[in-house]
Amino acid sequence: MYGLSCRVTWRGLRSFFPPLTPLPPGLPRVLAAGKKDLVDLPVLNEDELEEQFVRGSGPGGQATNKTSNCVVLKHVPSGIVVKCHQTRSVDINRKRARDIMREKLDVLYKGELSKVVLKKKEAELRKHEKRKKANDNLERKRLFKEALAADSKPGSDTV
């Protein structure tokens with residue numbers, strides 16, 4: 001069969017792909033990925049963290065019991081401890097533990113004004129409204145069936 005080849009020149013596309021543009025030396029580039037709406041979380045200082053790798057628990061048998069891929073992260077100034085054993089990869093667990101720690105510190109520092117708390121309240125409000133709407137629909141359906149049953153009784157013929 002015939003193969004098709006496509007050649008792309010990157011010189012003209014640098015304006016579309018900012019990660020490909022070179023940076024002056026000494027300037028770090030941080031690319032935000034994942035939770036773009038929670039950008040306002042506090043920055044973790046690695047000097048304030050104690051990190052341990054322990055054996056995880058739960059389902060998984062020998063693969064879980066023999067490997068120490070559960071990350072325990074402690075923020076020394078506040079005393080908050082986060083334990084993360086979501087995946088088998090230590091690196092991914094470390095990153096997720098730090099994300100959870102940032103969210104917990106945000107809740108600690110900002111309290112009710114924290115973005116995490118506000119998002120949780122909005123989700124609960126939506127859930128409550130959805131449940132109320134479903135209950136209203138069920139009540140309407142029940143009343144309609146009762147009205148149909150009352151109309152179809154043989155003794156209630158009105159002519």
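Given the structure is predicted, the values throughout are model-derived calculations rather than measurements.

Asker: Tell me what's going on with the environment of Lys-66, and back it up with residues and numbers.
Answerer: As for its position among the elements, Lys-66 is in helix 1 (residues 62-66). Residue Lys-66 is classed as exposed on the basis of its relative accessible area, which comes to 56%. When the C-alpha atoms of Lys-66 and Gly-56 are compared, they prove to be 8.7 Å apart, with 10 residues separating the residues in sequence.

Asker: Residue-level account of the pairing of strand 2 (residues 70-75), with values.
Answerer: With five of six residues buried, strand 2 is to be regarded as a mostly interior element. Sheet topology places strand 1 (residues 49-54) next to strand 2; six bridges connect them, and they run antiparallel. When the bridges of strand 2 are listed, Leu-49 appears paired with His-75.

Asker: Pulling in residues and values, what's your account of the pairing of strand 3 (residues 80-84)?
Answerer: Alternating positions in strand 3 separate cleanly, Ile-80, Val-82 and Cys-84 being buried on one face and Val-81 and Lys-83 remaining unburied on the opposite face. Taking the residues between adjacent antiparallel strands as the criterion, strand 2 and strand 3 are bridged by four residues, where Gly-79 takes a positive phi near 85 degrees.

Conventions adopted
- Residues numbered from 1 in each chain as written.
- Predicted model: local features only at pLDDT ≥ 70, side-chain atom pairs only at ≥ 80, totals over all residues.
- Heavy atoms only, no water.
- Helix = DSSP H or I, 4+ residues; strand = E, 2+ residues; numbered from the N terminus.
- Buried < 20%, exposed > 50% of the residue type's maximum accessible area, 1.4 Å probe, protein only.
- Pairing = 2+ DSSP bridges.

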